[in-house]
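Examining the three-dimensional arrangement
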Amino acid sequence: MNYSEKVMDHFANPRNVGEIENADGIGEVGNPKCGDIMKMYLKIENGIISDVKFKTFGCGAAIATSSMATELVKGKSIEDALKVTNKAVMEALDGLPPVKVHCSVLAEQAIKAALADYYTKRGIDPTPIVGEITEDCHDSGCTGSCSI
Ligand code: FES
């Protein structure tokens with residue numbers, strides 16, 4: 001598998017790993033085919049993501065994409081964080097092999113799931129703001145191969 005240097009760096013030294021106690025939003029998504037799971041914790045203050053941590057049990061690309069996704073949303077407003085697509089994550093990592101594109105979808109969905117949880121906790125229906133969370137990556141070319 002041909003990975004960019006940035007992917008290898010974020011895989012070997014993932015940023016923002018861990019949990020946030022009393023997180024304002026927690027999102028968990030999983031890929032049913034490969035079994036990989038991503039959990040995202042957000043601290044939100046005045047509409048700004050002041051802290052973010054993640055735990056990923058999955059392939060190298062899933063770890064690298066979740067690490068990069070946390071870097072991209074940290075310090076951003078909720079509005080801007082919602083604009084962080086899997087494509088933005090991939091571009092920031094200088095690309096991913098085609099069979100690993102779905103791993104970046106998981107990262108995007110984990111952020112959205114955490115934001116959805118944030119709204120739900122406040123009694124607000126998240127769907128019109130965050131959109132549907134697709135925990136299933138089958139539409140995004142998932143091959144279910146978790147080998148690095
Ligand atoms: Fe399962 Fe990458 S998320 S192969």
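Everything that follows concerns the structure shown earlier in this document.
Remember, it's a predicted structure, so these values are computed and weren't measured experimentally.

Digging into the environment of Glu 71
With respect to the helices and strands, the residue Glu 71 is situated in helix α2 (residues 60-73). Each C-alpha atom, one on Glu 71 and one on Lys 53, is 9.6 Å from the other, the two residues being 18 residues apart in sequence. Look past the residues within four positions of Glu 71 in its chain and what remains in contact with it is His 10, Arg 15 and Asn 16.

Digging into unusual backbone geometry
Glycine aside, negative phi is the norm for most residues, and most peptide bonds take the trans geometry. Phi is positive for Asn 22, close to 55°, though the residue is something other than glycine. When you line up the elements, Asn 22 lands in the loop between α1 (5-12) and β1 (25-30). Phi is positive for Asn 46, which is not a glycine, with a value near 50°. Note that Asn 46 resides in the loop between β2 (37-45) and β3 (48-57). Residue classification places Asn 46 among the exposed residues on the basis of a relative accessible area of 82%.

Here we look at the packing of aromatic side chains
All told, the structure shown has one aromatic pair when counted by the stated rule. Taken together, a centroid distance of 5.3 Å and an interplanar angle of 65° make the contact between Tyr 118 and Tyr 119 edge-to-face. Pair check on accessibility: Tyr 118 and Tyr 119 agree, each one buried.

Cut-offs used in this document
Sequence order as written defines residue numbering, which begins from 1 separately in each chain. Local features in a predicted model are, by the rule used here, given only for residues with pLDDT of at least 70; side-chain atom pairs are given and counted only at 80 or more, and totals for whole chains, interfaces and linings are based on all residues. Where side-chain values are given, they derive from all heavy atoms of the structure, hydrogens and water being excluded. Numbering goes from the N terminus for both helices and strands, where a helix is a DSSP run of H or I of at least four residues and a strand is a run of E of at least two. Note on definitions: a residue-residue contact is assigned when non-hydrogen atoms from the two residues lie within 4.5 Å. Exposed residues in this analysis have more than 50% of their type's maximum accessible area, buried residues have under 20%, and partly exposed residues fall in between, with area computed by a 1.4 Å probe over protein chains only. Two aromatic rings, drawn from Phe, Tyr or Trp (for Trp, its six-membered ring), form a pair once their centres lie within 6.5 Å of each other, and the interplanar angle then sorts them: stacked below 30 degrees, edge-to-face above 60, tilted otherwise.

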